4 protein chains.
Amino acid sequence: MAGSIFGKNFSISTWGESHGKAIGVVIDGVPAGLPLSEEDLAIYLNRRRPGSNAYGTKRNEADAPEILSGIFEGKTTGTPISIMIRNTSQISRDYSNIASVYRPGHADYTFDEKYGFRDYRGGGRSSGRETIGRVAAGAIACKILKELGIGVTAFVRAIGPYTAKGDVFTQEHINASPLYLPDEEASAQAENYLKECMANKNSSGGIVECIVTGMPAGIGEPVFDKLDARLAYALMSIGAVKAVEIGDGVAVSQYVGSENNDCFYMNDGVIEKKTNHSGGILGGMSDGSNIILRAHFKPTPSIAQSQNTVTNTHEDTTIEIHGRHDPIIVPRAVVVVESMAAITILDLLIENMSSRVSYLNEFYQK
Amino acid sequence: MAGSIFGKNFSISTWGESHGKAIGVVIDGVPAGLPLSEEDLAIYLNRRRPGSNAYGTKRNEADAPEILSGIFEGKTTGTPISIMIRNTSQISRDYSNIASVYRPGHADYTFDEKYGFRDYRGGGRSSGRETIGRVAAGAIACKILKELGIGVTAFVRAIGPYTAKGDVFTQEHINASPLYLPDEEASAQAENYLKECMANKNSSGGIVECIVTGMPAGIGEPVFDKLDARLAYALMSIGAVKAVEIGDGVAVSQYVGSENNDCFYMNDGVIEKKTNHSGGILGGMSDGSNIILRAHFKPTPSIAQSQNTVTNTHEDTTIEIHGRHDPIIVPRAVVVVESMAAITILDLLIENMSSRVSYLNEFYQK
Amino acid sequence: MAGSIFGKNFSISTWGESHGKAIGVVIDGVPAGLPLSEEDLAIYLNRRRPGSNAYGTKRNEADAPEILSGIFEGKTTGTPISIMIRNTSQISRDYSNIASVYRPGHADYTFDEKYGFRDYRGGGRSSGRETIGRVAAGAIACKILKELGIGVTAFVRAIGPYTAKGDVFTQEHINASPLYLPDEEASAQAENYLKECMANKNSSGGIVECIVTGMPAGIGEPVFDKLDARLAYALMSIGAVKAVEIGDGVAVSQYVGSENNDCFYMNDGVIEKKTNHSGGILGGMSDGSNIILRAHFKPTPSIAQSQNTVTNTHEDTTIEIHGRHDPIIVPRAVVVVESMAAITILDLLIENMSSRVSYLNEFYQK
Amino acid sequence: MAGSIFGKNFSISTWGESHGKAIGVVIDGVPAGLPLSEEDLAIYLNRRRPGSNAYGTKRNEADAPEILSGIFEGKTTGTPISIMIRNTSQISRDYSNIASVYRPGHADYTFDEKYGFRDYRGGGRSSGRETIGRVAAGAIACKILKELGIGVTAFVRAIGPYTAKGDVFTQEHINASPLYLPDEEASAQAENYLKECMANKNSSGGIVECIVTGMPAGIGEPVFDKLDARLAYALMSIGAVKAVEIGDGVAVSQYVGSENNDCFYMNDGVIEKKTNHSGGILGGMSDGSNIILRAHFKPTPSIAQSQNTVTNTHEDTTIEIHGRHDPIIVPRAVVVVESMAAITILDLLIENMSSRVSYLNEFYQK
């Protein structure tokens, strides 16, 4: 009965509801000595902030993070870092109509079944605002990974039927699209598609892809805490994700072995692979290639169309959901995917430090 | 540095290598009072046993499980259950050629990178035999779930391009196919396809689907230990799985909201859903519908074709992998998927028992 | 590298330093439906508050708790409860002299060795203020236990050489002593002793005892998460505790078996014990008698006498520690012991709910 | 409902009952590359073996360990190590009389209360044989610690009223006493005392002390996984332990601060302490001095005297416990204490490797 803690070594404990006083995270296991400021966090939080693009909710909050502990003289001390973001924009009456009606595609019914009642204001704990804690922690994980030469970059691979072509994108390329969909034509088509969705009182799904560069080989702990298993766990825990793929993902079930295997070869003294169907993971451990992940998001369940549903007193009814809702959450989810990937990878990088007796010897006898 | 333990309440700790003395599992957290015999386990283990179909490896071992602890007078005592299966058929010379060559698509290279060396005999810890411990534990989880009215049934949804049509299958229907692919025509086509693969010294991927019936609503622990997140973790930890889908899975990224939302309605006093795109999970908790999962397996990486690769002394070379290898592991993986799903669900069913203060009151004040 | 999370089912994650912005705790796993207010917490926090008796530090803070999440309409929702207490009274210059000198008996040196530097203001994370999070969480655990008929009561058993006689004390009896030492004569002697300590620029140790009534039998998880093992873990994690005893504790090593064994007998249809040397625990599980615990606290290490020590640049020096320090922390630690005991017991009560298959059957088939 | 797993990084999962087929342990997280043989384990197991001294049970089993996994070419591979010891000497009829009677001081009653029934043969899971798995794992932990220059040495400090004087003992000194009580006079007195106990159909308690040398400073994870807290947890989980002390332990509650504080000083460029009242731990982290621990064991509850008790059908009765029982378990517990201390320390040494960002940098950028 305790599912809001994630990670074994770099552990995050998130808390908060959409319309509670605040939302936040406590991170236990941040190594000491990392320069860290509230600005470092704000850069990441701004990327998921509502209002950051035309297709996001109109709720406009500063989401200014306050670091309450774990920092001294500008550096992490090794003690838990507590981060709080006040909820400033909640308008409870917006949501009063959902107190007694179960919105299709939402967690209203399941929360009531589990706990007997729920904080219905703005989705309570199942609101997208829950991801704020993840992103604040992800900003820290990303900063540490960057010091180790590891880059984590996510972007929108597809919105509805419109897909970005290509394999290599720069951050500039990604940011050039208001949807973080790094393909000019597809991005423009997706924008039109979203406008159409909104006109139809509808919403859209999409795909976020994440690429991790600079990974050392051997990261991941067989046989359960494999790198791919932990990444699937992390990504599937994000609201609205219904599928996770590693490398070629679902396509591999139709491959034959000779198509799917990535051949090794020597490249200037270094072992490399000719292809990367595996998405950088073999046997649950990183193989030194780029890690490639994809998370498939369902369309926002809140739509203004009339839908059939039931009340919490078990009567048939209909509902139209108005108010400030994203017609798509995918662009704002990019930084959430990036964050969860970074947290997972850092957690396993730490765990790997004790994989050989010789490493303990070097550490303690230097 | 410890990734071979899975589950919080019903915890399994698996151990063993393909060519070690034995392979097994310790299960901590089995509730007391369950009638349990070695025959209960053997039924499940036989389903993953090599030689159970024409497309499995020729290695033929009895895989007879020995229960070493945790049972008294035919019932579980609440103490850890240790299960051991002796490895009886290993022929080490079969594998001697792979000691120094990294097989494409295998974990040879990543094991060496992580640990400095590896038990190369038969794949060592990354062999498919590692799943024996999972299945033995899964047999116990399934038996408990059955007592609670919960059924877990997996089958082969597709092999290469051949896909089973339909949504409802009986166990008889599934067992009627030598490939556990419950569609007479598709199964026959898949058989031909696999023969062709073998003739071409190649291998095939496929899809295992799993359906869980009888689930109570509200199971799963937001926001990280959601039912779907834990299931993705469990399934992605199975060797060769490259994608996991819940419900409509990857398809949802192309849906609009009105297509994807499952409308609630009252059915004879009970809240039900008109459709089940969500795969029985909303907000990370079971919604009372069937849970639907799919795991995508890559083709067996061991193929007899010549492949380019490198040695562990960093020289280019080629390899042809002969010996007893499945051209497809998917049919044998059916019971592994079933096992991991059952273990995960039981773990979360236990966790849910303390979700309300009133439950504690009823338990301790009766 | 993550030691600030305690408990498996009722998990507390504490954070904060003495002179940081705030201090607090996130509690994951609070069952839903418990009426809870900030007043419930304040009652407990006031008991550890500085200035609550003549022998506590002069630092006088309101320590008003703010509940930031997990409560809706006055009841717990089952989601994490975040509690924050602002630090309002810190005077950083008070502590500036300890930045470069290692105080004997304190964690200054070990923090520097572990993390490379430390937040030296007011002891940073090793300050007694760290226990605020524990007490806030303990208040919640105690409230749930009370609903289950379980009482947790701690008091001061001894200060220096002055020991409370007797075995049964009421809360009134305990509160009648300004030192929470429920023996009028011993309490008066201890007061004089503490005045003498202060006059001598010295400090005193003491013993806190805790009695848990109303425990059902069978609580505790052999063989590692035994009730006594978890309680020892919990109590020894409180700063300044150097020994933990269960029941007759250290005395048992001098007993013979016939003295130590508690004989069972039937008392009006109920199994009871003639004596309780075991302190209510047999084989690591509660035996239905009162649980009896004792924690031995060392004297406050901050004393105004001159002491030899070293600097962080490795030079011999001396230090006299002035400022607001308790000559004894034992009276203020009473509620901390109570809190840690309650958290531990609730955690194991939850875990015990799944100890038999029949319990799962009753729960899920009702 | 899962308490048989201990340790976060070096995790042991023990299993087995006194009269089951076998008893054992799975260790997950053993770093790769450690030379390890069954002989390494046997040396430790022989120290706890029955019949190793005149005061141990007459049950004489070889307790030959079989390593089933995790070793290749004589070295650990980084995968789980499974160790099994067959139970060969069980004589079930010896224990048949205890099936329906609750022995005072034993776990019979509490097991029945928790699980509804129990394996009553030889104490089942609560038998001293349960410690075999701990000792096998401890042998591995000790071997790794030895490579790091850390020595863990336990001995008998006292039996009944007879106490070893002195502070520094060699292993030879300890082994010179048949009771591992390194004080010639006290050992002889203790032998007489035990003979007297046996003549009186009685048993004796005692104290095991453990000293850890060569500890680096900074080991332990505030604020809950402090070194002392984890050690108390580990030691209190050993059957029959009723108190745990660190350093001066219970004595500190009667000290004043100036007596208890250990002054630092520079010794040839190294920070040392003049005294070691703290037992080598400050603020929950090692301070570079020797770690000093004491565990207080109750007398063996099985005595041949007639004792009042009850049956499992709730009737008053009496019991005399004959058969092979140790009049004292303390000498055989020495190696168990050593093992649990070593497992705990190694676990925290691993955890400490990621305490600074600079350590990650050195590790991943070398």
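Residues numbered from 1 in each chain as written. Chains lettered and ligands numbered in written order. Predicted model: local features only at pLDDT ≥ 70, side-chain atom pairs only at ≥ 80, totals over all residues. Heavy atoms only, no water.

Sorry if this is basic, but what is going on with the interface of chain A and chain B here?
Size of an interface, as often reported, equals the accessible area lost when the parts are brought together. Counting residues at the interface gives 109 residues for chain A, matched by 109 residues for chain B. Roughly 8,500 Å² is buried in total at the junction of chain A and chain B, and carbon and sulfur atoms are behind 59% of that figure. Together, K114, F224 and K242 of chain A form the three largest contributors to the area buried by chain A at its contact with chain B, with a combined 10%. E221 of chain A is paired through a salt bridge with K114 of chain B; the nearest N and O atoms lie 2.8 Å apart. Counting the contacts that link chain A with chain B gives 57 residue pairs in polar contact (both at pLDDT 80 or more). (Contact = heavy atoms within 4.5 Å. Buried area = accessible area lost by both parts, 1.4 Å probe. Salt bridge = Lys/Arg side-chain N within 4 Å of Asp/Glu carboxyl O. Polar contact = N/O pair within 3.5 Å; in protein donor to acceptor, adjacent residues only side chain to side chain.)

Help me understand the relation of the copies chain D and chain C in this model?
Note: a rotation about an axis with an accompanying shift along it relates these two copies of the chain. For the pair chain D and chain C, the superposition axis carries a translation of 0.0 Å, the fit reaches an RMSD of 0.0 Å, and the rotation angle comes to 180 degrees. Both chain copies can therefore be described as sitting about a two-fold axis. Minimal C-alpha separation from the rotation axis in chain D is found for Y233 of chain D, amounting to 2.2 Å. (Least-squares fit on C-alpha atoms with pLDDT ≥ 70 in both.)

What should I look at first to understand unusual backbone geometry in this one?
The general pattern is negative phi for most residues beyond glycine and trans for most peptide bonds. With an omega dihedral of 0 degrees, the bond running from P222 of chain B to V223 of chain B counts as a cis peptide bond. We note that Y180 of chain B has phi near 55 degrees; this positive angle belongs to a residue other than glycine. By secondary structure assignment, the location of Y180 of chain B is in the loop between α4 (171–175) and α5 (184–199). Given a relative accessible area of 15%, Y180 of chain B falls into the buried group. The phi dihedral of D268 of chain C falls on the positive side, at around 60 degrees, and the residue is not glycine. By secondary structure assignment, the location of D268 of chain C is in the loop between β12 (264–267) and β13 (270–273). Assessed through its relative accessible area of 76%, D268 of chain C is described here as exposed. (Helix = DSSP H or I, 4+ residues; strand = E, 2+ residues; numbered from the N terminus. Buried < 20%, exposed > 50% of the residue type's maximum accessible area, 1.4 Å probe, protein only.)

Please clarify how the pairing of strand β11 (residues 241–246) of chain B should be interpreted in this entry.
Consecutive side chains of a regular strand alternate in pointing toward one face of the sheet and then the other. Residue and element names in this part refer to chain B. With respect to burial, β11 is a largely interior element, six of its six residues being buried. Relative to strand β16 (residues 291–297), β11 runs antiparallel, the two being bridged by five bridges. For A243, the partnering residue across the bridge sits in β16 and is H296. (Pairing = 2+ DSSP bridges.)

Is there a simple way to think about the side chain of R121 of chain B in this case?
Residue and element names in this part refer to chain B. Mapped onto the elements, R121 comes out in the loop between α2 (108–115) and α3 (131–147). Residue classification places R121 among the buried positions, given a relative accessible area of 19%. Of note is the side chain of R121, whose polar atom sits 2.8 Å from the side chain of D119.

Which parts of the structure should I look at to understand the relation of the copies chain A and chain B?
The two copies are related by a screw operation: chain A maps onto chain B through 180 degrees of rotation and 0.0 Å of translation along the axis, at an RMSD of 0.0 Å. An overlap of 100% is found between the interface residues of chain A and their copies at the interface of chain B, pointing to a shared contact surface.

Can you help me understand the interface of chain D and chain C in this one?
On the chain C side, the residues contacting the 109 residues of chain D number 109 residues. The junction of chain D with chain C conceals about 8,400 Å² of combined surface from both sides, 59% of it contributed by carbon and sulfur atoms. If you sort the residues of chain D by the area they bury against chain C, K114, F224 and K242 of chain D come out on top, with a joint share of 11%. Inspection of the region where chain D meets chain C yields 57 residue pairs in polar contact (both at pLDDT 80 or more). Looking at which element gives the most residues to the side of chain D that touches chain C, the answer is helix α2 (residues 108–115) of chain D, with seven residues. Here the side of chain D that touches chain C is built from residues that sort into 48 nonpolar, 39 polar and 22 charged. For strand β11 (residues 241–246) of chain C and strand β11 (residues 241–246) of chain D, the ladder comprises three bridges, and the chain directions are antiparallel. (Nonpolar A, V, L, I, M, F, W, Y, C, P; charged D, E, K, R; others polar.)

How should helix α5 (residues 184–199) of chain D be read in this particular structure?
Every α-helical turn comprises 3.6 residues, leaving residues that sit three or four positions apart pointing alike. All names here are of chain D. Over its 16 residues, α5 extends 23 Å from the first C-alpha to the last, a length consistent with the 22 Å expected when each residue adds 1.5 Å. Within the sequence span of α5, burial applies to A186, S187, A190, Y193, L194 and C197. When α5 is viewed along its axis, its buried side chains cluster within an angular range of 120 degrees and face the same direction. Among the exposed residues of α5, those oriented more than 90 degrees off its buried face are E184, E185 and A199. Directly beyond the C-terminal end of α5, a positive phi value near 55 degrees is found at K201. (Expected span 1.5 Å × (residues − 1). Arc of directions from axis to C-beta.)

Help me out: how do you make sense of the pattern of salt bridges in this one?
Any two side chains of opposite charge can pair if their charged atoms end up close together. Tallied over the entire structure, the rule returns 85 salt bridges over all chains. Among the salt bridges present, the one from E245 of chain C reaches R294 of chain C, with a minimum N-O distance of 2.9 Å. Placement of the pair is E245 of chain C in strand β11 and R294 of chain C in strand β16 (residues 291–297), with a sequence separation of 49 residues. By the burial criterion, E245 of chain C is buried, and R294 of chain C matches it. Here R47 of chain D ties to E338 of chain D by a salt bridge, and the two come within 2.9 Å at their closest N and O atoms. Taken together, the residues R47 of chain D in helix α1 (residues 38–48) and E338 of chain D in helix α8 (residues 330–352) connect sequence positions 291 residues apart. Since its relative accessible area comes to 2%, E338 of chain D is described here as buried. Three or more residues joined by partner-sharing salt bridges are found here, namely R157, D167, E209, E245 and R294 of chain B.

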